[in-house]
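In case you want the letters, here they are:
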Amino acid sequence: MGSGRQVRLLLWKNWTIRRRQRARFLMEIMWPVLLFVGLVWLRRVNPLYRQHECHFPNKAMPSAGVLPWIQGIFCNANNPCFQYPTRGESPGLVSNYNNSILAKVYSDVQELLLNDPEFQHVARLWRELNAMSTFMETLRSRPETVAGRGVKVEAILKDDETLTSFLLRDIPLTQSVVNQLVNAQIRPEQFAFGVPNLHLKDIACSLNLLERFLIFPSRRGLYAVRNAMCILTPQRLQIIEDRFYANVDFFKLFKLLSLLCECYGRVVEVNIGQSVTDRQWL
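Residues numbered from 1 in each chain as written. Predicted model: local features only at pLDDT ≥ 70, side-chain atom pairs only at ≥ 80, totals over all residues. Heavy atoms only, no water.

**Points about the nonpolar core**
Of all hydrophobic cores here, the largest spans 34 residues; its most connected members are Leu 167, Ile 171, Leu 173, Phe 216, Met 229, Ile 240 and Phe 244. Contributions of two or more residues to this core are made by α6 (163-169), α7 (175-182), α8 (200-204), α9 (207-213), α10 (219-230), α11 (234-246) and α12 (250-281). The residues touching Phe 244, leaving out its near neighbours within four places in the chain, are Val 153, Ile 156, Leu 157, Leu 163 and Ile 186. (Core = buried A, V, L, I, M, F, W, Y, C linked by side-chain atoms within 4.5 Å. Buried < 20%, exposed > 50% of the residue type's maximum accessible area, 1.4 Å probe, protein only. Helix = DSSP H or I, 4+ residues; strand = E, 2+ residues; numbered from the N terminus. Contact = heavy atoms within 4.5 Å.)

Below, the structure is given as structure tokens:
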């Protein structure tokens, strides 16, 4: 049977079925017509409108910062569409709300507090005071931690200190005596419970008291300082003390004291480790 005859038989079969089932044949014709009429009606009732190009504001990730992340969530809750490009599409920008009131307040607070030199000094002073408090507590409970260790006088003076020139010019002291004083080390364990109730005249004229509070590079330096300071009047010694306190950089002092305590802690750990190793060997 040829292909042409098969096609004619198939068409005859379909036509016979449609003629016998006239309701089905009618629905097959009317259903597409009704759908087409409905689409035409919807088109006439709701005319088309032009939609401009949409630019959606970006939403910053948490790594961009807490403020941009929160603004991206709350300010874009309705997912607005803008006709023009947003700020966040520019290279290097992660937020569309850098000029918002909240962002300006946050920037001003950060500039006034976090970036202000005086505020940074206050924060630095707070950290140093905490370290100093820890050091003093360790010093009171275990004074042997820093026994024999000291803080060099020259290391705690300000960078623009005037103590040396004052001792040389206004007292006056010799260059060798001044060098011995600024190179001496202060024993911090003597000040664990405050400043001792002693007169400067008594300390300056006593070798034992000088060695109690200061560590000199040599015995000759100890004798030279004692001989030079003992002849001064109590008023002149008080002026020297006041000038010394005025030239002390307390940030340097706190840092050196904390480092001194840390160095002792490492030494103790090493000694404990060695003793444990020796016990295991035994």
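Resuming the write-up.
**Focus: the sheet that holds strand β3 (residues 214-215)**
Across the sheet, three strands lie side by side as β1-β2-β3; this open sheet has antiparallel pairing. The sheet is open, and its two edges are formed by β1 (151-152) and β3, each paired on a single side. Note that β1 and strand β2 (residues 185-186) share two bridges and pair antiparallel. The residue bridging Val 151 from the neighbouring strand is Ile 186, located in β2. (Pairing = 2+ DSSP bridges.)

**Considering the side chain of Asp 249**
By the secondary structure assignment, Asp 249 is in the loop between α11 and α12. Other than its neighbours up to four places away in sequence, Asp 249 contacts Ile 156, Leu 157 and Lys 158.

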